[in-house]
Amino acid sequence: MITHRSNSSDRDRVLESTDLVALVGESVVLRPKGREHLGLCPFHEDHKPSFAVVTHKGNAFYNCFSCGASGNAIDFMVHFHRMDFLEAMKFLAHRAGFELQGRSSSAPRATDPESPAALRRANDAALRFFQRSLADSINGQGAREALSARAIDSQSIEAFAIGAAPAQGDALAQYVERLIDHQPANPDERLDGATIRASFEAAGLLRRRGGLVDGFRNRVIFPIADELGRCIAFGARAIDPADQPKYLNSPETALFHKSKSLYGIHIAKRAIIHARTAIITEGYTDVIACHRAGVANAVATLGTALTRDHARVLQRLCDTIILIFDGDTAGQRAADRAVEIFFSAPVDLKICTLPDQLDPDELLRQPDGRARFDAAIASSEDALTHIIRGFRKELDARPGLSARQRTIEAMLSKLIALGLGTLDGIRRRFVIESIATSSGVPLVEIERALLASRAASPRTPEAPSPAAPLAIPVPVERGGRGRAERDFVSILLAWPAASSVRIPTDDGDAAPLSEFIIPSMFEDAAARALYEPVYHWIEAGKGFSMQDLIAELADPSIKALAIELYRQGATRCSVEGEARAGLIAASRALDRQSQRLQLANAPAATTPEELALRLAQIRAAGPRPSAIARTARSAP
Ligand code: ZN
């Protein structure tokens, strides 16, 4: 009998009986801190835990300090698991072991055939049909044989709700007609046949070929579920080798996005949270074989490489993702992609290559399979290390200085293209240090290259492109004079330590660089703008870096020039000795040109007072022309 308790008392009961930490903890790894539990926010791209579940004096709510998402258990189901309010209430009541009392129970009829509710209804009906077909002595025979050939036992069939699509081609279509005929008597709950058929079509379960035919025929059906175990799509493997393609998936719908879905996630989730590690295989049968062998934290992508969306799902659940490949070439290809994801998500990514080109299913069926599988997992290699190791080989094979330089540049620009430049904080330092360690490239070189890539693309930190040249045009230099100034600056920027060089003078002495070359000597305004801050650092005896300089510069085109010149300097000189020699040569060239300029530009003294002033300046400045230029230009 219906008791007339209000919906609000249902709501209170649902909230009172739900442990929010446990509920959220099934989707987000939470760690206790004081009275709160903290984790990575599932509502925005969170890189450090800013999501808190607070349970205090009978209140339970979640709150994100970063994006402001907040709410109670029902809100969490609505916003995170995309349920409607009533669905969330029912789900939580069922979870707590009671039925809703209010005037609630029947969901509103979904009249839009492409709505999530309509798609879900179609998928649920098809799931029952496929499971029944597998058990059917005639319809399920081919699928049962295919499953037993792959050693998939009845326990696995039940756990993964595996089914069969009959060979006849319109069996599901006929089943849908029977569903339409046997709807509830209550007219409020009935839908017209066209709407029901349309929802099966939208879910890819039926297709129009003149009349309606089955979307899947003569195939083993692997239902694909969301984290809560709700069927959102189907994967279908051909039974007859002549049927192509071998694997078919449901189309993308409001429920199913291939790039976000992981096969087996609903079964593996707890184990993934527990182990803080997810194992990613390449196919349905690999996942099933893993679970049967007790590797409970295995899931699979659905015919795609691991995407950022997958990583986003998994980073809530674990710290480490291990990608399994059955051969070296596939592993190499996937490593690039994996590193890209590693750079964009706060997870560690490892590559595991199984022995003898075996896939997990084949390996785990061998007598010592589990032990060999575990050994392979234990020796999986960090994705970044995997890439750098390839470069290390190249470096060792190409001993020449310029070849080495090119290889290092290629490695850095590849890593930058994969997103290295977008990293921040501790993770950035960790990555840079591991690149330095495994490549033998000095830390400071890597820092500089990164800095250059950042400054070059300030507006697109998400997607730096390796092929794109610097986005900001560099002002064109004018004549030999400008070139000499820029040559000088380029070496200095690439090799700040070389600025301690002393420049031999004509009188057999040697002068510090800052005494020899001063900013006011520069004709090229852009080169002068770069040298001015550097000059002051050198003069003050302070060390400096590209980072300091970039921070000092406001004009984006000057920043771009700094980076361009830095690159030129790094290409021109590959060791510090070369840079010192280069600086001496560039300084002397600049100084000679400066003398000529000085003589050519000096206005004739027209009065005795001017002449006296000029002579005083020359005497005060000492013997070098650059020093004369310096005092002359700083004179009022
Ligand atoms: Zn957030």
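On a predicted model such as this, the values are computed, not experimentally measured, just so you know. (Residues numbered from 1 in each chain as written. Predicted model: local features only at pLDDT ≥ 70, side-chain atom pairs only at ≥ 80, totals over all residues. Heavy atoms only, no water.)

Draft legend 1. Structural context of the overall build of the protein chain. When helices and strands are counted, the protein chain shows 27 helices and 18 strands. Residue pairs at least 24 apart in sequence account for 65% of intrachain contacts in the protein chain once pairs closer than 6 positions are excluded. Surface exposure of the protein chain reaches about 30500 Å², of which carbon and sulfur atoms provide 53%. (Helix = DSSP H or I, 4+ residues; strand = E, 2+ residues; numbered from the N terminus. Contact = heavy atoms within 4.5 Å. Areas by Shrake-Rupley, 256 points an atom, 1.4 Å probe, with all protein chains shown as cover.)

Draft legend 2. Broad picture of the coordination of the zinc ion. For the zinc ion, the protein coordination sphere consists of Cys-41 (SG), His-44 (ND1), Cys-64 (SG) and Cys-67 (SG), at 2.0 to 2.3 Å. Classification of the site at the zinc ion rests on its four donor atoms, whose angles at the metal span 101 to 119 degrees, yielding the label tetrahedral. Of note, the zinc ion draws all its donor residues from one chain, in the sequence arrangement C-x2-H-x19-C-x2-C. Of the two residues, Cys-41 sits in the loop between strand E2 (36-39) and strand E3 (51-56) while Cys-64 sits in strand E4 (residues 59-64), which places them 23 residues apart along the sequence. Using a relative accessible area of 2% as the deciding quantity, one classes Cys-64 as buried. (Donors = N, O, S within 2.8 Å, 3.2 Å for Na, K, Ca; no water. Tetrahedral: all angles 85-135°; square planar, octahedral: opposite > 155°, others 65-115°. Buried < 20%, exposed > 50% of the residue type's maximum accessible area, 1.4 Å probe, protein only.)

Draft legend 3. Region of the structure containing the side chain of Arg-237. Positionally, Arg-237 belongs in strand E10 (residues 231-238). The side chain of Arg-237 is buried and forms no salt bridge, while Asp-361, the nearest opposite charge, is found at 8.4 Å. Polar side-chain contacts of Arg-237 include one of 3.2 Å to the side chain of Tyr-247. Setting aside residues no more than four positions away along its own chain, Arg-237 makes contact with Arg-150, Asn-218, Arg-219, Val-220, Phe-222, Lys-246 and Tyr-247. (Lys, Arg positive; Asp, Glu negative; His and termini not counted. Salt bridge = Lys/Arg side-chain N within 4 Å of Asp/Glu carboxyl O. Polar contact = N/O pair within 3.5 Å; in protein donor to acceptor, adjacent residues only side chain to side chain.)

Draft legend 4. A look at the sheet that holds strand E5 (residues 70-71). Pairing in this open sheet of five strands is antiparallel, and the strands run E1-E2-E3-E4-E5 from one edge to the other. Across the chains shown, the open sheet's two edge strands, defined by having one partner strand only, are strand E1 (31-33) and E5. With four bridges connecting them, E2 and E3 associate as antiparallel partners. Along E3, the bridge assignment pairs Glu-36 with Val-54. (Pairing = 2+ DSSP bridges.)

Draft legend 5. Focus on the pattern of salt bridges. Within this structure, the stated rule accounts for 17 salt bridges. Of the charged contacts, one joins Arg-150 and Asp-361 as a salt bridge, the two residues approaching to 2.9 Å between their closest N and O atoms. Here Arg-150, found in the loop between helix H6 (141-149) and helix H7 (154-159), pairs with Asp-361, found in helix H14 (residues 360-364); they are 211 residues apart in sequence, far enough to count as distant. Relative accessible area serves as the criterion here: at 22%, Arg-150 is assigned to the partly exposed category. A residue is classified by how much of its surface remains accessible, and Asp-361, at 2% relative accessible area, is buried. Here Lys-269 makes a salt bridge to Glu-227, at a shortest N to O gap of 3.3 Å. Linking Lys-269 in helix H10 (residues 265-275) with Glu-227 in the loop between strand E9 (219-225) and E10, this pair joins segments that are 42 residues apart in sequence. Residue classification places Lys-269 among the buried positions, given a relative accessible area of 6%. Take Glu-227: its relative accessible area is 14%, and that puts it in the buried class. Put simply, Glu-87, Arg-120, Asp-226 and Arg-230 are held in one network by salt bridges that share partners.

Draft legend 6. Up close: the packing of helix H5 (residues 116-135) against helix H8 (residues 171-181). Their axes nearest at 11 Å, the elements H5 and H8 cross at an angle of 125 degrees. The angle between the axes of H5 and H8 places the two elements in the oblique class. The hand of the H5/H8 crossing is right-handed. Residues Ala-125, Ala-126, Arg-128, Phe-129, Phe-130 and Arg-132 of H5 touch H8, and the partners they reach there are Ala-171, Leu-172, Tyr-175 and Leu-179. Residues that form the contact of H5 with H8 fall into these classes: eight nonpolar, no polar and two charged. (Axes fitted to C-alpha atoms, helices over the stretch in contact; angles between N-to-C directions. Parallel < 35°, antiparallel > 145°, perpendicular 65-115°, else oblique. Left-handed = near helix turned anticlockwise from the far one by under 90°. Nonpolar A, V, L, I, M, F, W, Y, C, P; charged D, E, K, R; others polar.)

Draft legend 7. Expanded view of the state of the cysteines. According to the stated counting rule, one finds zero disulfides in the structure shown. This cysteine, Cys-352, is not joined by any disulfide, and Cys-290 carries the nearest cysteine sulfur, 9.9 Å off. With relative accessibility at 0%, the residue Cys-352 sits in the buried group. (Disulfide = S-S within 2.5 Å.)

Draft legend 8. Structural detail: the sheet that holds strand E13 (residues 298-300). Strands sit in the order E13-E12-E14-E15-E16 across an open sheet of five strands; the sheet is mixed. If you trace the sheet from one side to the other, it starts and ends with E13 and strand E16 (381-382), each paired once. In the sheet, strand E12 (residues 277-281) pairs with E13 via three bridges, with the strands oriented parallel. Note on E13: the bridge partner recorded for Ile-280 is Val-299. The strands that H10 touches are E12 and E13; relative to E13, the one it contacts most, it runs at about 130 degrees.

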